[in-house]
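# Structure at a glance
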Amino acid sequence: MPPVLPVDINTVKGFLAEDEGEALFQHCLATAALGPCLEVGSYCGKSTIYLGAAAKTRNNIVYAVDHHRGSEEHQLGEAYHDPDLYDSGVKLMDSFREFRINMRKADLEQTVVPIVSPSAVASRHWATPLGMVFIDGGHSWEAALTDYRSWVTHIVTGGILAIHDIFPDPSKGGQAPYDIWKLAKASGLFEELPMVNTLGLFRRV
Ligand code: SAH
Ligand code: MG
């Protein structure tokens, strides 16, 4: 089934290529019977819309974890800063307002559960088995490793682990997502699936 999206995805701010979004959509559809989906790093909801649109057709849920304060590269003065997402009152990034607007537009408020929190805090008492985990949060080594350790253990057999921004060539991008991709590959817990653009994919065995 080709993705049918509830909004023009090109109008949603974000960092996700179309082929990557389509892969998220397909894997979220395929794993819906196994349990809910969880993403780390929602930003304005681009990936969330692909995942949510798939989940909705299966009456499934997407947990969307993001503190909405931006990653290093989104901060004031950094390369990917967006002044529309800056809350000058508190002098911090805030993508949650835009995220909510987009979830409402996409009619996903009954499908997507926003968890506005650092990933590590959200995971502390997590006990729900997950059919799919998508990691697209902070790109520091510490953040990526924390996301890997926090969420990967909750993926059920047959479930999918997707990791964004995999750049085996260091001149193309940061290495932290690739480092956790290598951890997953070496863990013996997963079957490696073909990469889609910069989206690394594994199935839990
Ligand atoms: N998936 C999005 C892009 C995510 S950008 C899309 O499709 O466009 C990365 C996001 O990760 C940012 O919104 C940032 O706030 C969030 N983030 C970074 N570190 C985090 C952490 N430790 N806990 C929760 N969210 C984090
Ligand atoms: Mg990314």
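Further up the page is the structure itself.
Overview of the structure. Small disclaimer: the values here were computed from a predicted structure and weren't measured. (Residues numbered from 1 in each chain as written. Chains lettered and ligands numbered in written order. Predicted model: local features only at pLDDT ≥ 70, side-chain atom pairs only at ≥ 80, totals over all residues. Heavy atoms only, no water.)

Turning next to the environment of Cys44. Counting through the fold element by element, Cys44 comes out in the loop between strand 1 (37-40) and helix 2 (46-57). Residue class for Cys44 comes out buried when judged on its relative accessible area of 0%. For the pair formed by Cys44 and Met103, sequence separation is 59 residues and the distance between their alpha carbons is 8.9 Å. Beyond its immediate sequence surroundings of up to four residues, Cys44 is in contact with Val12, Lys13, Leu85, Ser95, Glu98, Phe99 and Asn102. (Helix = DSSP H or I, 4+ residues; strand = E, 2+ residues; numbered from the N terminus. Buried < 20%, exposed > 50% of the residue type's maximum accessible area, 1.4 Å probe, protein only. Contact = heavy atoms within 4.5 Å.)

Attention shifts here to the pattern of salt bridges. Per the counting criterion, the structure on display carries eight salt bridges. Here Lys13 and Asp82 are joined by a salt bridge, their closest N and O atoms 2.8 Å apart. One end of the pair, Lys13, is in the segment before helix 1 (18-30); the other, Asp82, is in the loop between strand 2 (62-65) and strand 3 (86-87), and 69 residues separate them in sequence. Since its relative accessible area comes to 25%, Lys13 is described here as partly exposed. Across the salt bridge formed by Lys13 and Asp84, the nearest N and O atoms sit 3.1 Å from each other. Highlighted residues: Lys13 in the segment before helix 1 and Asp84 in the loop between strand 2 and strand 3, separated in sequence by 71 residues. For Asp84, a relative accessible area of 61% corresponds to the exposed category. (Salt bridge = Lys/Arg side-chain N within 4 Å of Asp/Glu carboxyl O.)

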